[in-house]
Amino acid sequence: MLEYFDPSKDLGTPAIFSATSITLDIDGNSISVPEGTSVLRAAALYNINIPKLCATDSLEPFGSCRLCAVQIEGRRGYPAACTTPVSEGMQVVTQNTKLAKLRRNVMELYISDHPLDCLTCPANGDCELQDMAGAVGLREVRYGFNGSNHLDAPTDDSNPYFSFDASKCIVCSRCVRACEEVQGTFALTIDGRGFDSKVSAGVNQDFIDSDCVSCGACVQACPTSTLMEKSVIEQGQPEHSIVTTCAYCGVGCSFEAQMQGDQVIRMVPYKGGEANQGHSCVKGRFAFGYATHKDRIKAPMIRDHIDQPWREVSWDEAFSFAAAKIKGIQKKYGRESVGGITSSRCTNEETYLVQKLIRTAFGNNNTDTCARVCHSPTGFGLKTTLGESAGTQTFDSVREADCIMVIGANPTDAHPVFGSLMRRRLREGASLIVVDPRDIDLLATPHLNQAIHLQLRPGTNVALINALAHVIATQELLDKDFIAKRCASDAFEQWLAFISESRNSPEETEAITGVAPDKVRSAARLYATVGNGAIFYGLGVTEHSQGSTMVMGIANLALATGNLGRLGVGVNPLRGQNNVQGSCDMGSFPHELPGYQHVGEQQVRDKFEAAWKVKIDPEPGLRIPNMFDAALNGTFKGLYVQGEDIAQSDPNTQHVEKALCSLECLIVQDIFLNETAKFAHVLLPGATFLEKDGTFTNAERRINRVRKVMPPLAGLADWEVTLGLSKALGYEMHYDHPSEIMDEIAQLTPTFSGVSYQKLEELGSIQWPCNEQHPLGTPTMHVEDFPIGKGNFAITEFIPTQERSTRRLPLLLTTGRILSQYNVGAQTRRTQNMTWHSEDVLEVHPHDALERGINDGDWLGITSRAGNTVLRAKISERMQPGIVYTTFHHPGSGANVITTDNSDWATNCPEYKVTAVQVEKVSQPSRWQKAFQDSDKKQQQLLKGKQTTSVDV
Amino acid sequence: MRSAQQQLIHMVNQIGENNQHSGVESAAAFTSTHIQKFWARSMKQDIIQHLNNGGQGLSEISIAAIKKL
């Protein structure tokens, strides 16, 4: 009988999708499978399990181990079941005396060069070689160990997370193929020939020195203990597992948390996870140690002033203290003098509760989220043009793309698992267009077919997207049928007239963008004509003074070419944090209730007021930067921040610090004493994703379950903490489990009306909208129409940013991320990921370095109109002359001391990506950095309950 | 760096400038609606107050937009 998909079972070779069904006979069973399926997989689907070693269903068949040999009527010899596709009427025998003998001989040869230390081997109980020895009935090894062998081959322990014990290697190539096919890095190879063949990282390098990105795909693929997690070597095999969702980037990978009791032994990518399909990156796979780091906050704490030591108190005392402070502030300064910030790292349910607390217990709409500083322009831009504040596709849709355009994103570093999927499609022949001031790793994809890099100047995105659209509009490349059927005609005509003006041509915009016109024309033609054109973009689009305009420009391009509403196309924002999409969906913004329903609409408020039993203010509240300004004006005095580090992540750090210092009550709920918490009066311990139930929504609108695998370290999950605070404030909410919160979300949010935990258990995950019209969710948006009816072309006039290079500040600084670190680094800095990126550096072009006498490793003072900081130099040709680049993963770097108060015109998303700076060699840290070090030392002492001498902050 | 008031002036001017393609009247209407929809009550009050105090630094579009609030 045909078995349904069981992610835990390895079917030997990948699934084949074909409309043609083939019927064959295996061991007397009539079996029907899609054409192209291997005999090995066809058998496994019917629970006929042919022994195998080099085959696994995440990799293309290889046919090297010969263990899956079968007999096929009418064919000579013993073909490998993994490399033999089924054919109509084929008759296969998988078990007989000849095959059994053959397999035993194969296994005997393998074992003759393998240590017989099963009882002390870390893979004992989880070893395919051991399993196969049992399956074939191996009882003796006749060859002994006197001849040549690899039993003394050395172990490479250079990677902090896994070891490579060459003595256990059977050279099945699964690791090499996983690195190529799944990850796309090609860091591993088989070195040597015949008996000397061995797996090699790079050119006979240690793993740590090779191109290996520590994604873990090789470890996952290894059938022995050759590549093995060090945690398993040290602690033994896990005894149970729970499927949950990674809390790093917006890909939202599913993982099995493999446990011993309440201790995580390893995180293994879950094959049944639809976002990652069994793949992982170094962060999700290995960097979970922060959850049990000694720095975790384990008890609630309070203090009256930020110069005082923290005092550990009970939860109830902390809630009472916080509530009294907030009520006192509101009594003195008014109802609108307090607010809160929800987290894109917490669950949907927790985010929903925080904004609900603010709108009910606080009685205002001063709620915002860290999405303000990353993807708020996506919400505005996509809602204006396409009618919904979300990406249009599934990740898997990229496998149908013919042209992939990546704008202001660095998927191999910031969204690595999706970056690998993208690379797979590029290897298959899709073309690549990269719009970025920096030379990103995607451009170095092995076996890349065609790539165009539009290396524009920072701050000129809109001029470039207009130039691309100009070519499409004036060169008869428009999809006129799509436009006529699906788009508003008036808006289109206005846009056509605007975009066709010669000032938008590649020739005239070259002076702005610095990109050669012929490259722009080639890219436009490629995107418009090659077939399926898919656009993926990141914070290099949104974090500009024209972030919203650029998002609309991207949507215009997709509308103009009909690249919407089917697989392989679309407009896809790559969300930075795990639940950016969800935090936006859950009503975190000050003008919108959950489901992007505006607070100004009476019928919307009626619905929420009936459910929440309070009056809701019809006026929008303050956004994060407006909160800071109001704080400095003396009208905003209390703030509740859940799981967000605004003191490190928001621009113009000194401005933020002054604003935080001016607050009379700052309540921070976090897993660590983060930079913001150093300004707090109430510190409520947060729970990691491993310690609570809930859901995250990833960049493809996929709602995934987060499942508790261990108890909260401080006793309460984050949603329970918000309930406690709300109760103390006088607004009691009753939920026994996050599933009940989701039920309320479904009741009030039209796009979530069909979502429930029960359905999530049944389906695994759900892409919203999920409602009566789409009961199973919506993988591809806008197939028939747009939520606003017709697609809306927007006029995208290029308005240069006011942040321009000058004689005093001649360079432009742009910022980004690195693979091994995540956001402000609070989690990854507390793991061995520090091996790869222990400090932020400033990348400087050799030309600019030469002019200033800068060498690699020099201390560089970086000055902007906002402030200055000091970083070490790294000479790099990834940017053009005149552009410098850094990351922001370490608080002491002060990257945001130099970013400015410029922001997107529509949403106030900060313009992190363009800062005019000067760079010069210096010999000591900046004044801010020295003050930061002093302040940090002081606050660490105060955390231990010790009084210190006052230090200015 | 800008004061809170300078920031509000900058923000409203920026909205107008980014939507000036359709002319002053239309841009002012858009800007006014945008402020109405996205700005907090206190910010609206502050920018109206600033206009009432002479409106220094406000663009033509911004002035027309604030008058519509």
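Computed from a predicted model, the values in this text were never measured in an experiment.

Undergrad: Give a description of the overall build of chain A that names residues and reports values.
TA: If you tally the helices and strands in chain A, you get 30 helices and 35 strands. Relative to the 2.2 N^0.38 estimate, which gives 30 Å for 953 residues, the radius of gyration of chain A is 29 Å and therefore close to what a compact globule would have. Seen through its C-alpha atoms, chain A measures out along the principal axes to roughly 90 × 70 × 65 Å.

Undergrad: Got a sec to walk through the overall build of chain B? Specific residues and values, please.
TA: When its secondary structure is counted, chain B shows four helices and zero strands. Put simply, chain B runs from its N terminus to its C terminus through helices and strands in the order α-α-α-α. Taken over the C-alpha trace, chain B has a radius of gyration of 11 Å; the compact-globule value for 69 residues is 11 Å, and the two agree within 12%. Judged by the C-alpha coordinates and their principal axes, chain B covers about 30 × 20 × 20 Å. The buried share among the 69 residues of chain B stands at 43%.

Undergrad: Describe in detail the environment of Thr-120 of chain A, supporting the description with residues and values.
TA: Residue placement: Thr-120 of chain A occurs in the loop between helix H2 (97-111) and helix H3 (128-136). Sequence separation of Thr-120 of chain A and Ile-233 of chain A is 113 residues, and the distance between their C-alpha atoms is 10.0 Å.

Undergrad: Can you tell me about the nonpolar core, naming the residues and giving the values?
TA: Counting residues in each nonpolar core, the largest one holds 164 residues, and the members touching the most others are Ile-404, Leu-468 and Ile-554 of chain A. The element contributing the most residues to this core is helix H13 (residues 461-474) of chain A, with ten residues.

Undergrad: Would you mind going over the interface of chain A and chain B in detail, with residue names and values included?
TA: At the junction of the two partners, chain A supplies 26 residues and chain B supplies 16 residues. A total of five residues in the side of chain A that touches chain B trace back to one element, the largest contributor, which is helix H22 (residues 624-633) of chain A. The residue makeup of the side of chain A that touches chain B, split by class, is ten nonpolar, eleven polar and five charged.

Undergrad: So, H3 of chain A: which residues are in play, and what are the values?
TA: Residue and element names in this part refer to chain A. Within the span of H3, buried status applies to Glu-128, Leu-129, Met-132, Ala-133 and Val-136. The arc enclosing the buried residues of H3, seen along the axis, measures out at 140 degrees, which places them on a common side. In this structure, the buried residues of H3 make contact with H2. At the C-terminal side of H3, Gly-137 shows a positive phi close to 75 degrees.

Undergrad: With reference to specific residues and values, describe the pairing of strand E2 (residues 29-34) of chain A.
TA: Residue and element names in this part refer to chain A. Note that strand E1 (residues 21-26) and E2 share six bridges and pair antiparallel. By the bridge assignment for E2, Ile-26 is matched with Asn-29. Adjacent in sequence and paired antiparallel, E1 and E2 are bridged by two residues, among which Asp-27 carries a positive phi angle near 50 degrees.

Undergrad: Before we move on, can you summarise the domain arrangement of chain A with the specific residues and values?
TA: Here chain A is partitioned into domain 1 (21-95), domain 2 (118-292), domain 3 (301-374 + 579-743), domain 4 (377-573) and domain 5 (811-943). The C-alpha-based centres of domain 1 of chain A and domain 4 of chain A are spaced at 43 Å.

Undergrad: Account for the sheet that holds E2 of chain A, naming residues and giving values.
TA: In space, the four strands of this open sheet follow the order E2-E1-E4-E3 (chain A), with mixed pairing throughout. Only two strands of the sheet have a single partner each, and these edge strands are E2 and strand E3 (71-72) of chain A.

Undergrad: How would you sum up the sheet that holds strand E29 (residues 765-767) of chain A? Please name residues and give values.
TA: Residues and elements named next belong to chain A. Here three strands make up an open sheet; going across it, the order is E27-E28-E29 and the pairing antiparallel. If you trace the sheet from one side to the other, it starts and ends with strand E27 (694-697) and E29, each paired once. In this sheet, adjacent strand axes meet at a mean angle of 30 degrees when their direction is disregarded. Pairing of strand E28 (residues 702-706) with E29 involves three bridges; the strand directions are antiparallel. Opposite Arg-702, over in E29, you have Gln-767 as the bridge partner.

Undergrad: Give me unusual backbone geometry: which residues, what numbers.
TA: All names here are of chain A. Note that the residue after Trp-768, namely Pro-769, is joined by a cis bond; omega there is 0 degrees. With respect to the secondary-structure elements, Pro-769 resides in the loop between E29 and strand E30 (811-816). Here Asn-47, not a glycine, exhibits a phi torsion of approximately 60 degrees, which is positive. Structurally, Asn-47 is set in the loop between helix H1 (39-45) and E3. Phi angles above zero are rare outside glycine, and Ser-214 is one such case at about 55 degrees.

Undergrad: Could you give an account of helix H15 (residues 489-499) of chain A, naming the residues involved and the relevant values?
TA: Residues and elements named next belong to chain A. Of the residues making up H15, those classed as buried are Phe-492, Trp-495, Phe-498 and Ile-499. One face of H15 carries all of its buried residues, which in axial projection span an arc of 130 degrees. Exposed positions of H15 whose direction lies more than 90 degrees from the buried face are Ser-489, Asp-490, Glu-493 and Ala-497. Residues of H15 that are buried sit in contact with H13, helix H14 (480-486) and helix H19 (547-561).

About the thresholds
Residues numbered from 1 in each chain as written. Chains lettered and ligands numbered in written order. Predicted model: local features only at pLDDT ≥ 70, side-chain atom pairs only at ≥ 80, totals over all residues. Helix = DSSP H or I, 4+ residues; strand = E, 2+ residues; numbered from the N terminus. Rg over C-alpha atoms; globule rule 2.2 N^0.38 Å. Buried ≥ 20, exposed ≤ 12 C-beta atoms within 10 Å, placed from the backbone. Core = buried A, V, L, I, M, F, W, Y, C linked by C-beta atoms within 7 Å. Contact = placed C-beta atoms within 7 Å. Nonpolar A, V, L, I, M, F, W, Y, C, P; charged D, E, K, R; others polar. Arc of directions from axis to C-beta. Pairing = 2+ DSSP bridges. Domains from an automatic or database assignment. Axes fitted to C-alpha atoms, helices over the stretch in contact; angles between N-to-C directions.

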